[in-house]
Amino acid sequence: MRKVGIIGCGAIGTVIAKAVERGIVECDELVLYDRNMEKAEKLKKSLHFPVTVVKSLEELIKLKPLVIVEAASQQAVRDYVNKILAENIELIVMSVGALLDLDVKSKKIHIPSGAIGGLDAISSAALAGIDEVILTSRKNPEALEMDNQEEKIVYEGTAEEAVRLFPRGMNVAATLALTTQPEKVKVKIISDPKVHRNVHEIRIKWKHGDMFLKFENDPHPENPKTSALAAWSAINLLKQTLKKVHNKSMT
Ligand SMILES: NC(=O)c1ccc[n+]([C@@H]2O[C@H](COP(=O)([O-])OP(=O)(O)OC[C@H]3O[C@@H](n4cnc5c(N)ncnc54)[C@H](O)[C@@H]3O)[C@@H](O)[C@H]2O)c1
């Protein structure tokens, strides 16, 4: 039985559940948990697919999903990660910022590339030695809960501090910090009324060359802080992880 648990039925949780319904992920049943039960019930109602809504993480774990996707908040990761790992369940973490200061290491934790990509090349370069990673994120003021009329630099500093100050909007900085080393990543956040996409530019100087990556992502219509690509990266990772665990359980 390919059962998947989703914690958080907001923008990302909904896109994932809809992809499962469309058969993009080979799954037999979804178990939904949101601390706001109405959101889980509403999502269940919108799906023509076997779905169970649960009231707590404990109930979710009891139903023994093969994989759980956390699409809730950094606090949810802090509160739930050890309980999920203790049950040997694979966990896909969207709120990656939480992992920067949590001391958990497990092969069962999977981190999606999120709103960016190229992590294969970046992690390869990190093995040889990275001098610096510079992330410039340019977002519409709405995505930063601001209302400036002119372009404005909102933050310049380290990835760790950026994640602390913008816990819901700086997952990209956290992903880069986890792929390289937190102290190597410098972050600049720009609130720009001229852009209507979440734009991430990543410049990397490493031992044997330079890299430049740019992503221009449509924001999710219900949550402008979240890029559509982030949800699709979770779907892609869920598809691969579920297949791997299911095949293993069949041998
Ligand atoms: N890795 C990435 O690149 C990336 C990109 C975008 C968003 N994210 C992160 O993914 C998470 C979800 O994003 P979203 O846009 O779907 O958010 P959202 O606000 O649209 O939905 C989050 C849902 O989770 C629920 N929730 C929050 N805390 C909970 C808890 N402790 N237990 C159970 N339910 C809880 C909320 O009620 C809400 O329904 C956020 O933490 C966000 O920062 C990561």
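Preceding this paragraph is the structure being described.
All values derive from a computational prediction rather than experimental measurement.

## Side note on the sheet that holds strand β8 (residues 152-158)
Piece 1. Judged by pairing direction, the sheet is mixed, and its five strands sit side by side in the order β8-β9-β7-β10-β11 without closing on themselves. Strands with a single pairing partner mark the edges of an open sheet, and in this sheet they are β8 and β11 (209-217). For this sheet the average axis-to-axis angle between neighbouring strands, irrespective of direction, equals 10 degrees.
Piece 2. Here strand β7 (residues 130-139) pairs with strand β9 (residues 185-191) via seven bridges, running parallel. Its bridge partner lying in β9, Ile-134 is registered against Lys-186.
Piece 3. Contacting β7, β10 (198-206) and β11, helix α6 (residues 119-128) crosses the sheet at an angle of about 155 degrees to β11.

## Structural notes on the pattern of salt bridges
Piece 1. Summed over the entire model, instances satisfying the criterion amount to 13 salt bridges.
Piece 2. Between Glu-58 and Lys-83 there is a salt bridge whose closest N-O contact spans 3.6 Å. Taken as a pair, Glu-58 in helix α3 (residues 57-62) and Lys-83 in helix α4 (residues 74-86) lie far apart in primary sequence, 25 residues in all.
Piece 3. On the basis of relative accessible area, Glu-58 is assigned to the partly exposed category, the value being 42%.
Piece 4. Using a relative accessible area of 41% as the deciding quantity, one classes Lys-83 as partly exposed.
Piece 5. Lys-214 is the salt-bridge partner of Glu-216, the closest N and O atoms lying 3.5 Å from each other.
Piece 6. Given a relative accessible area of 43%, Lys-214 falls into the partly exposed group.

## What to know about empty space enclosed by the protein
Piece 1. Going through the model one piece at a time under the given rule, you end up with one cavity of 30 Å³ or more.
Piece 2. Volume-wise, the largest cavity comes out at about 30 Å³.
Piece 3. In terms of lining residues, the largest cavity is bounded by Ile-7, Glu-70, Ala-76, Val-77, Tyr-80, Val-81, Ile-84, Leu-91 and Val-93.
Piece 4. Sorting the residues of the lining of the largest cavity by element identifies α4 and β5 (90-93) as the ones contributing at least two each.
Piece 5. The element best represented in the lining of the largest cavity is α4, accounting for five residues.
Piece 6. When its residues are assigned to classes, the lining of the largest cavity shows eight nonpolar, no polar and one charged.

So, how was this worked out
Residues numbered from 1 in each chain as written. Predicted model: local features only at pLDDT ≥ 70, side-chain atom pairs only at ≥ 80, totals over all residues. Heavy atoms only, no water. Pairing = 2+ DSSP bridges. Helix = DSSP H or I, 4+ residues; strand = E, 2+ residues; numbered from the N terminus. Axes fitted to C-alpha atoms, helices over the stretch in contact; angles between N-to-C directions. Contact = heavy atoms within 4.5 Å. Salt bridge = Lys/Arg side-chain N within 4 Å of Asp/Glu carboxyl O. Buried < 20%, exposed > 50% of the residue type's maximum accessible area, 1.4 Å probe, protein only. 1 Å grid on protein atoms, 1.4 Å probe; cavity = no way out; pocket = protein on both sides within 12 Å on 5 of 7 lines; lining within 4 Å. Points joined across faces, edges and corners; volume = space filled by probe spheres on them. Nonpolar A, V, L, I, M, F, W, Y, C, P; charged D, E, K, R; others polar.

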